[in-house]
Amino acid sequence: MFRARWMAAILLLGPGQALAESYGSPLENRIWDMTAEVEIDRAALVARIVGSDVVLLGEVHDNPDAHLAQGALVRLLEPRALAVEMIPTSAEDELNAYLTDDGDPSGIGPEVDWNDSGWPDWKIYEPVFRDWSPGTVRGAGLPRESVRRAMTDGAAAIPLEPPMDVLLKTPLAPDVQSGVESDMVDAHCGHLPKKMAPGMVEAQRLRDASLASAVLRAGTGDGLVAVIAGNGHVRKDRGAGTY
């Protein structure tokens, strides 16, 4: 069983700072404990994470401030491995060979052709990796055809390592399924046809399970593994951590 930490406070560093630029959010440059509803300092945040096997660091993908916050925590926590939503699983071996050969973590993006991947520009992600003392990188990115098939045939139709292959055969609880479908519609500003929402949920579940598989490949019990992924994948009530 992983000693995981879902740091809800971290999630606010991204959207909070983004809102601050436009709306003067009171969360700017603050860390907020959403459970206790109190502000905490960075030392307290790090103290809570120490001793965990896994920490999940969420983000808003196109928010540069979110990645600066992630990078600051990577620098402080010194995880021995990163499990990254945006890095293809198929690129792991070559990327780790690059890092083992004294490759600069700032060069991870070019090594995996990041700017041709469809993710926001590497220059806003580079701070996540810049000051990391390289360990192991595990990628959770899947081929687009796999994600498309999950939308039509279900996530369980896509081969993944045990135990993810079995876990994906278990449907979400009805209330969770409904909640994720609503989130998908909201994330598309209400323009996503409701009939497409179930397929989008299956794609989300596939990505969640792929992130969990990446953590398992990184191994636990010998230092911290940090997960870098969108906020929807690092939620405590659902997401990669539930696998």
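Basis of the calculations
- Residues numbered from 1 in each chain as written.
- Predicted model: local features only at pLDDT ≥ 70, side-chain atom pairs only at ≥ 80, totals over all residues.
- Heavy atoms only, no water.
- Buried < 20%, exposed > 50% of the residue type's maximum accessible area, 1.4 Å probe, protein only.
- Helix = DSSP H or I, 4+ residues; strand = E, 2+ residues; numbered from the N terminus.
- Pairing = 2+ DSSP bridges.
- Patch = residues over 30% accessible without salt bridge, like charges linked within 9 Å, V, L, I, M, F, W, Y side chains within 5 Å.
- Areas by Shrake-Rupley, 256 points an atom, 1.4 Å probe, with all protein chains shown as cover.
- Salt bridge = Lys/Arg side-chain N within 4 Å of Asp/Glu carboxyl O.
- Lys, Arg positive; Asp, Glu negative; His and termini not counted.
- Charge placed at Lys NZ, Arg CZ, Asp CG, Glu CD.
- Expected span 1.5 Å × (residues − 1).
- Contact = heavy atoms within 4.5 Å.

Caption draft 1: Seen up close, the pairing of strand 5 (residues 81-88). Judged by how many residues are buried, strand 5 sits mostly within the fold: seven of eight residues are covered. In the sheet, strand 5 pairs with strand 6 (residues 136-141) via five bridges, with the strands oriented parallel. When the bridges of strand 6 are listed, Val-84 appears paired with Gly-139.

Caption draft 2: Highlighting a negative patch on the surface. Taken together, the side chains of Asp-93, Glu-94, Glu-111, Asp-113 and Asp-116 present a region of like negative charge at the surface. Here Asp-116 lies in the loop between helix 5 (108-111) and helix 6 (122-129). Taking relative accessible area as the criterion, Asp-116 reaches 68% and is therefore assigned exposed.

Caption draft 3: Representation of unusual backbone geometry within the structure. Geometrically, the link from Pro-162 to Pro-163 is a cis peptide bond, its omega value of 0° lying close to zero. Among the structural elements, Pro-163 can be located in the loop between helix 7 (144-153) and helix 8 (164-167). Notably, Glu-78 is not glycine yet its phi reads approximately 50°, a positive angle. For Glu-78, the location among the structural elements is in the loop between helix 3 (64-77) and strand 5. The phi dihedral of Asp-113 falls on the positive side, at around 55°, and the residue is not glycine. Checked against the element boundaries, Asp-113 lands in the loop between helix 5 and helix 6.

Caption draft 4: Main features of helix 9 (residues 174-187). The terminal C-alpha atoms of helix 9 lie 20 Å apart, and with 14 residues this matches the ideal 20 Å at 1.5 Å per residue to within 8%. If you check which residues of helix 9 are buried, you get Gln-177, Gly-179, Val-180, Met-184 and Val-185. In this fold, the buried residues of helix 9 make contact with helix 10 (197-218). Remark: Cys-189 follows helix 9 within two positions and exhibits a positive phi of approximately 55°.

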